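Reading the structure
What follows is each chain in one-letter form.
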Amino acid sequence: TIVWQPRLKSGDVVEPYRFRPFGSTGYYDRKTNEFKDCTEEACPRAEPVPAKGHDDLIAEEKLTSSYAPRAQILEEILPPSPLTGKFVNRAPFYWSGGLGTLIRKSADKVKKDFVWDFFVYTNSPATSVYDVANYASWLDDWRFSQLFPGDNFLAGGWSQDSYEEHAAVMRWALSTESNGALNLRIPALAQYTRDTVGELMGKYISNDVTLEQMSSQVTSGWERITNEQGKLNQLNIYRAALGLDSLLTVDKCRLHREEMDMIDPSVCKQYDDHNTTLIIIVLSSIVGAGVVILVVYFLYKRYKAFQKIKIAHERQMESTLNEATRALRMLDYPLHLISAQDFIKGGKLLQHERLRNSHRLTVLDNLADVDSFIQAGKQVVFFSHQWTAFDAPDPNNHQYEAMIGALHELSKRNGWDPSWNDVFVWVDYSSIPQANPSVQNLAIRSLAVYSSSATSFVVVAPDTPHADLDSVCDLDTYQRRMWCRAEQVCHSMRNGTDGMYLAVTNKETGLVEVTPVKPDFFRESLHVFDGELSCCRLEHKGMEACDRQSLVVPILGLYGELFRAAHDGIKGNNADISTVKTF
């Protein structure tokens, strides 16, 4: 039974309009202690308010041209905005942006397995993509892979207009431009917000306290709660919630000396420097000469500079190591795959941005998505190849044809479904952003995870002339390329050599053949950074840094993992060190 429907003055039913969250046209200036109107300079993420308060996100995203009638209706029914011309600073508050799920350690094994299987089932792409469009569970569409291309919403009864409005708003809310705000996500959150801010805000609204009194009492209340919970403990938890490593000990001593001394007064003393000053005083009193004082002062300054450099170096090394180990546990940029069917239909290697804009990429946002994807029986074929031109990956299509042949051969060897519905391809030109160097670097940092997630790895190196050089590209030139070495190492270090193949030209027949690799094939590949790069050949013109720097973090993480495996394998006699022996 329909209780109520929104209608126009003409009586026509119109679907509800989905809009972005409200915002503020003002901001608090901490320097003057005043509330001021937003300007482009003061609120860099603010946007001008349109004439009718309606911003047509769908038109901006260019998702479809069929939205024009819907936009026209909204233009007719929305009243003029009194804030037209002002700037609004939106900040969506993701207070319900995720639910924490736990399995109690003391529970029976059968219960643990049951709950774990439920978590995997609920969050798998096949289940969650259906649920978010049909409201069959508490899942919300917080992943782009659940939002696009939108067939799940249309199948769930959404109209094209409703889906596109929803998708446009969610695309904005999940982007880096949304200025989104999360809750604190630290212990005693309810005491900070409900018991302190909420209670005092009520008193202020009822005129029981002034604005200054409320501000002062909130400050003292938060400081009390922080001290009760432990300031350093709260700081560590909050930084972890933001995905940041804990502060270095030297930084904790510099910023929170009082709290560090309360825990252990001896920790920060190692960073104090009283001895040099004492030496200067003693020497000055003994020698009594200005020359000696100048010499000691010069040595003191050199020592201080050395200490700063040493601490900075240790901090940089620790940060790089933390970053390297973290890079193996998470994706800095989602894994983008193209289905084998679309890969064949493309007729050539297509650029990432073209596939993205036409919604022909399958996006896996995190490692949990990747694991669920593989556990669901999907096959991921990783094609590793060399570029045969300075500005194009495969200008004569020879390598693309070899990749198609490899797909057919792997399908025959492994007995895959002839429809290839469960076969997906990763290849650099299609799966890594090409237009934006900053985003491209994020994807490169995740190369180890991309490569190790593949179920099959194919080295594609048929005899092909280089478009810009008077030379032929083949397996030998492939093995000399740094990027090719890196991709091999990233896969084989974590998966071994099973499932790795060569697609190269048979020198006798002149045909491209697909054969399994031999274990010693990767001996030269281990020297990743000795490989050749086009950027070095071109003397890094127009580049900020050499491509070698982009691979330091992922390769360092892999070497660390290999050394850990060697250590654990030697320490525990029954440990599996097959990958270690290979290298």
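Look up: the structure comes first, before these words.
What counts, and at which threshold
Residues numbered from 1 in each chain as written. Predicted model: local features only at pLDDT ≥ 70, side-chain atom pairs only at ≥ 80, totals over all residues. Heavy atoms only, no water. Pairing = 2+ DSSP bridges. Helix = DSSP H or I, 4+ residues; strand = E, 2+ residues; numbered from the N terminus. Axes fitted to C-alpha atoms, helices over the stretch in contact; angles between N-to-C directions. Contact = heavy atoms within 4.5 Å. Buried < 20%, exposed > 50% of the residue type's maximum accessible area, 1.4 Å probe, protein only. Parallel < 35°, antiparallel > 145°, perpendicular 65-115°, else oblique. Left-handed = near helix turned anticlockwise from the far one by under 90°. Patch = residues over 30% accessible without salt bridge, like charges linked within 9 Å, V, L, I, M, F, W, Y side chains within 5 Å. Areas by Shrake-Rupley, 256 points an atom, 1.4 Å probe, with all protein chains shown as cover. Salt bridge = Lys/Arg side-chain N within 4 Å of Asp/Glu carboxyl O. Disulfide = S-S within 2.5 Å. Arc of directions from axis to C-beta. Polar contact = N/O pair within 3.5 Å; in protein donor to acceptor, adjacent residues only side chain to side chain. Phe/Tyr/Trp six-rings, centres within 6.5 Å; stacked < 30°, edge-to-face > 60°.

**What to know about the sheet that holds strand 14 (residues 512-516)**
Taking strand neighbours across the sheet as the criterion, the seven strands line up as 7-6-9-8-10-13-14 in an open arrangement whose pairing is mixed. The open sheet is flanked by strand 7 (362-364) and strand 14, the only strands paired with a single partner. Sheet twist, expressed as the average angle between the axes of neighbouring strands with direction ignored, equals 30°. Note: strand 10 (residues 456-461) against strand 13 (residues 500-505), five bridges, orientation parallel. Looking at the pairing, Val459 lines up with Leu502 of strand 13. Packed on one face of the sheet, helix 18 (residues 398-414) meets strand 8 (379-385), strand 9 (423-427), strand 10, strand 13 and strand 14 and runs near 145° to strand 8.

**Re helix 4 (residues 125-134)**
Residues Thr127, Ser128, Asp131, Val132 and Ala133 constitute the buried set of helix 4. Along its buried surface, helix 4 packs onto helix 3 (109-123), helix 5 (144-147) and helix 6 (151-155).

**Comments concerning the packing of helix 8 (residues 189-205) against helix 9 (residues 211-229)**
Between helix 8 and helix 9, the least distance of the axes is 10 Å, while the angle of their chain directions is 165°. In terms of their interaxial angle, helix 8 and helix 9 are classed as roughly antiparallel. Between helix 8 and helix 9 lies a crossing whose hand is right-handed. Two secondary-structure elements touch here, helix 8 through Gln191, Tyr192, Thr196, Val197, Leu200, Met201 and Tyr204 and helix 9 through Leu211, Met214, Gln217, Val218, Gly221, Trp222, Ile225, Thr226, Glu228 and Gln229.

**Some points on a nonpolar patch on the surface**
Among the surface-exposed residues, Met201, Tyr204, Ile205 and Leu211 lie close enough to one another that they form a single nonpolar patch of about 380 Å² accessible area. Here the nonpolar patch gets three residues from one element, more than from any other, and that element is helix 8. By secondary structure assignment, the location of Tyr204 is in helix 8.

**Some thoughts on unusual backbone geometry**
With omega at 10°, the peptide bond leading from Phe148 into Pro149 counts as cis. Looking at the secondary structure, you find Pro149 in the loop between helix 5 and helix 6. Positive phi, close to 55°, is recorded for His359, a residue that is not glycine. With respect to the secondary-structure elements, His359 resides in the loop between helix 16 (352-357) and strand 7. Relative accessible area serves as the criterion here: at 34%, His359 is assigned to the partly exposed category.

**With respect to the packing of helix 3 against helix 4**
Any two packed helices are characterised by how steeply their axes cross, that is the angle between the axes, and by the distance between the axes. Orientation of helix 3 relative to helix 4, taken along the N-to-C sense of each, is 60°, at an axis distance of 5 Å. On the basis of their axis angle, the class for helix 3 and helix 4 is oblique. Here Tyr121, Thr122 and Asn123 of helix 3 come into contact with helix 4, specifically with Pro125, Thr127 and Ser128.

**A look at the state of the cysteines**
Taken as a whole and judged by the stated rule, the model has two disulfides. Sulfur-sulfur distance for the disulfide between Cys38 and Cys43 comes to 2.2 Å. What sets the handedness of the Cys38 and Cys43 disulfide is the S-S torsion sign, and at about -75° it is left-handed. Comparing Cys38 with Cys43 shows no difference in burial state: the two are buried. There is a disulfide in this structure between Cys253 and Cys268, and the S-S distance comes to 2.1 Å. Here Cys253 and Cys268 share a disulfide; its torsion about the S-S bond, -85°, makes the bridge left-handed. Here Cys253 is found in helix 11 (residues 249-255), whereas its partner Cys268 is found in the loop between helix 12 (257-263) and helix 13 (275-287), with 15 residues between them in sequence. The pair formed by Cys253 and Cys268 is uniform in burial state, with each residue classed as buried. If you count the bonded cysteines of the protein chain from the N-terminus, they pair up as 1-2, 3-4. Here Cys473 is not disulfide-linked; the sulfur of Cys484 is the nearest cysteine sulfur, at 9.7 Å. In this structure Cys484 comes out as buried when scored by relative accessible area, which is 2%.

**Some details on helix 17 (residues 367-375)**
Every buried residue of helix 17 is listed here: Asp369, Val370, Ser372 and Phe373. For helix 17, the angular spread of buried residues about the axis comes to 165°, placing them on one side. A distance of 3.1 Å separates the backbone nitrogen of Ala368 from a side-chain oxygen at the start of helix 17, and that oxygen is part of Asn366. Among the residues trailing helix 17, Gly377 stands out with phi positive, at a value near 95°.

**Thoughts on the pairing of strand 3 (residues 34-37)**
Direction of pairing for strand 2 (residues 26-29) relative to strand 3: antiparallel, over a ladder of four bridges. Counted as the bridge partner of Tyr28 is Phe35 from strand 3. In textbook terms, the turn of a hairpin is the stretch between consecutive antiparallel strands, and for strand 2 and strand 3 this stretch comprises four residues, one of which, Asn33, has a positive phi near 60°.

**Details of the pattern of salt bridges**
Enumeration over the complete set of coordinates arrives at 14 salt bridges. With a closest N to O distance of 3.7 Å, Glu47 and Arg90 form a salt bridge. On the criterion of sequence distance, the pair formed by Glu47 in strand 4 (residues 47-48) and Arg90 in strand 5 (residues 87-90) is long-range, its members being 43 residues apart. Close ionic contact of Lys203 with Glu199 constitutes a salt bridge, the shortest N to O distance being 3.9 Å.

**A closer look at the packing of aromatic side chains**
According to the stated counting rule, one finds twelve aromatic pairs in the structure shown. Arranged with centres 5.3 Å apart and planes meeting at 50°, the rings of Phe343 and Tyr400 form a pair that is tilted. Of this pair, Phe343 sits in helix 15 (residues 340-346) while Tyr400 is found in helix 18, placing the two residues 57 residues apart along the sequence. Among the residues examined, Tyr400 registers a relative accessible area of 5% and is labelled buried. Summarising the aromatic geometry, the rings of Phe382 and Phe457 are spaced 5.1 Å apart at their centres and angled 10° between planes, so their arrangement reads as stacked. With Phe382 in strand 8 and Phe457 in strand 10, the pair connects residues that are 75 residues apart, well separated along the chain. Phe457 carries the same exposure label as Phe382, and that label is buried.

**Quick notes on the sheet that holds strand 1 (residues 23-24)**
The antiparallel open sheet is built from three strands, whose spatial order is 1-5-4. Only two strands of the sheet have a single partner each, and these edge strands are strand 1 and strand 4. Sheet topology places strand 1 next to strand 5; two bridges connect them, and they run antiparallel. The partner of Gly23 across the bridge, within strand 5, is Arg90.

Honestly, it's all geometry; don't read function into it.
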